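A look at the structure
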Amino acid sequence: MQPASTEALSAPAPASVTDLRLRPGSRDFRRANLALFAAGVATFVLLYSTQGLLPILSADLDLTPGQASWTASASTLGLALALLPASALSDRYGRTAVMTASTLAAAVLALALPFAPDLTTLVVLRAVQGAALAGLPATAMAYLAEEVHPAALASAMGLYVAGNSIGGMGGRLVSGWVAAAWGWRWGLAVSAALALLAVLAFRLLIPRARHFRRTPVDPRALATTVAGHLRNPLLLRLYALGMLFMAVFGAVYNTVGYRLTSAPFHLPESIAASIFVVYLVGTASSASAGRLTARWGRRGTLYLAISTTTAGLLLSLANSLFCAILGLVLITAGFFAGHATASSAVGRTAATGRAQASALYLIAYYLGNSLGGTIGADAYHSTGWSGTATVALTAMACAAGVTLYATHRAVTSRRTATATATVRA
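Residues numbered from 1 in each chain as written. Predicted model: local features only at pLDDT ≥ 70, side-chain atom pairs only at ≥ 80, totals over all residues. Heavy atoms only, no water.

1. Observations concerning the overall build of the protein chain
- Per the secondary structure count, the protein chain includes 15 helices and zero strands.
- Across the 425 residues that make up the protein chain, the buried fraction comes to 54%.
- For the protein chain, the proportion of contacts with a sequence separation of at least 24, taken over those separated by at least 6, is 83%.
- Total accessible area on the protein chain stands at roughly 17300 Å², and carbon and sulfur atoms take up 67% of it. (Helix = DSSP H or I, 4+ residues; strand = E, 2+ residues; numbered from the N terminus. Buried < 20%, exposed > 50% of the residue type's maximum accessible area, 1.4 Å probe, protein only. Contact = heavy atoms within 4.5 Å. Areas by Shrake-Rupley, 256 points an atom, 1.4 Å probe, with all protein chains shown as cover.)

This is how it looks when you write it as structure tokens:
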């Protein structure tokens with residue numbers, strides 16, 4: 001799942017009476033919305049296609065949870081490393097060209113996954129596939145900001161994010177259900193077929209870009225912008241929070257299937273795969289994050305997200321199916337609220353180079369998924385669910401420390417400003 005804040009983008013040019021950008025009610029506006037929805041479905045079906053079948057992979061290939069989890073972590077790692085180059089390519093070659101090439105290449109690679117003879121081949125293919133997928137999240141929001149009228153941008157962005165959510169959930173569910181019946185190779189084959197259909201729909205629907213202006217790639221300017229963001233303490237804290245929240249999400253969702261199919265629950269694999277329906281909780285949680293921030297402020301919302309995630313992790317430790325599922329609901333709600341809050345703050349914090357600031361957040365976010373997913377799965381293999389929960393609780397403790405430090409800095413700053421004002425008076 002990626003940040004969907006329009007603030008993470010450079011502001012579109014002011015509208016005028018001759019503004020030809022897409023508006024609600026027009027045929028091209030509907031086509032652009034449906035096209036980006038389809039692209040989001042394709043991307044996240046592919047990105048998370050193996051996460052719903054990790055226990056089946058372990059059984060078939062005789063893998064530990066940590067080894068199997070690399071099939072999920074490799075794709076997000078490849079995507080993270082390719083985000084900045086992909087964003088630069090879209091400035092040079094165009095938004096629609098990069099999005100089309102990205103999703104089509106990833107879908108074609110997906111067709112090879114069912115024929116992977118061993119774990120190493122599967123992991124390498126997944127890493128390359130993740131790198132290929134980077135072109136969509138690095139480009140989609142820029143396309144919408146350029147082509148859609150500002151008054152309609154929020155609704156267009158919302159439909160794109162809905163495609164991400166449905167693709168993320170659907171990729172896990174479909175591959176898990178099919179794999180439970182016919183094996184993991186068929187699960188991956190069906191995911192590839194769904195993604196190809198979505199890519200075809202995207203290509204047929206996407207309107208021609210009318211407002212894109214080709215920009216030469218300037219590596220020196222890009223490096224200067226990135227270095228400036230990495231010297232910004234607030235941005236660094238936001239990147240750390242994105243990484244820590246996603247580490248929890250990766251650790252939990254890479255191992256929850258193993259837990260539900262093992263003692264004391266012993267659920268059938270098809271039922272265990274259905275647990276990803278809980279992912280829908282995140283859609284509601286993300287949508288409510290803005291209202292919570294308006295009421296309690298960014299740090300207040302982060303404390304709530306950390307507390308909710310921590311409560312879910314502690315509750316999940318009980319050997320009760322009800323507690324395990326309720327714990328997963330709370331973990332998911334807390335993760336999405338924290339992620340939405342941190343990602344939206346990136347755009348407000350970066351005075352310049354907002355696209356690069358957002359890309360850096362995404363890099364930290366997906367690196368967190370890769371690291372958390374692998375470490376959490378290794379911990380599960382060593383000590384069971386308590387090991388995964390410990391890894392996740394440690395990440396939340398670090399997130400709380402980052403937020404407490406930010407609170408301390410803010411309070412100190414206010415006191416200093418008050419004291420200075422008193423002296424001057």
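What follows continues from the structure just given.
2. Observations regarding the packing of aromatic side chains
- Per the stated rule, a full pass over the model turns up 10 aromatic pairs.
- Between the aromatic rings of Tyr361 and Tyr365, the centroid separation amounts to 6.0 Å while the plane-to-plane angle is 20 degrees, which identifies the pairing as stacked. Placement of both Tyr361 and Tyr365 in helix α14 (residues 354–383) is noted, with a separation of four residues, approximately one turn of the helix. Neither Tyr361 nor Tyr365 differs from the other in exposure class; each is buried.
- Seen from the ring of Tyr253, Arg172 lies directly overhead, with NZ or CZ sitting 5.9 Å from the centre. (Phe/Tyr/Trp six-rings, centres within 6.5 Å; stacked < 30°, edge-to-face > 60°. Lys NZ or Arg CZ within 6 Å of the ring centre and 35° of its normal.)

3. Section: the confidence of the model for the protein chain
- Mean pLDDT over the protein chain works out to 86, with 89% of the residues at or above the 70 mark.
- Taken together, the stretch residues 3–17 has pLDDT below 50 and engages in 34 contacts with residues farther than four places along the chain or on a different chain. (pLDDT = per-residue confidence, 0-100.)

4. As for the packing of helix α1 (residues 27–47) against helix α8 (residues 184–205)
- For the pair α1 and α8, interaxial distance at closest approach is 8 Å and the crossing angle is 155 degrees. The angle between α1 and α8 places the two elements in the roughly antiparallel class. For the crossing formed where α1 meets α8, the hand is left-handed. In contact with Arg31, Leu34, Ala35, Leu36, Ala38, Ala39, Val41, Ala42, Val45 and Leu46 of α1, α8 contributes Ser191, Ala192, Ala195, Ala198, Val199, Ala201, Phe202, Leu204 and Leu205.
- Across the contact of α1 with α8, the residue classes break down as 17 nonpolar, one polar and one charged. (Axes fitted to C-alpha atoms, helices over the stretch in contact; angles between N-to-C directions. Parallel < 35°, antiparallel > 145°, perpendicular 65-115°, else oblique. Left-handed = near helix turned anticlockwise from the far one by under 90°. Nonpolar A, V, L, I, M, F, W, Y, C, P; charged D, E, K, R; others polar.)

5. Remarks on the environment of Leu63
- Structurally, the position occupied by Leu63 is in the loop between α2 (54–61) and α3 (65–93).
- Overall, the relative accessible area of 14% leaves Leu63 in the buried class.
- It is 8.6 Å that separates the C-alpha atoms of Leu63 and Leu119, two residues lying 56 residues apart in sequence.
- Beyond its immediate stretch of four places on either side in the chain, Leu63 contacts Leu57, Ser58, Ala68 and Leu119.

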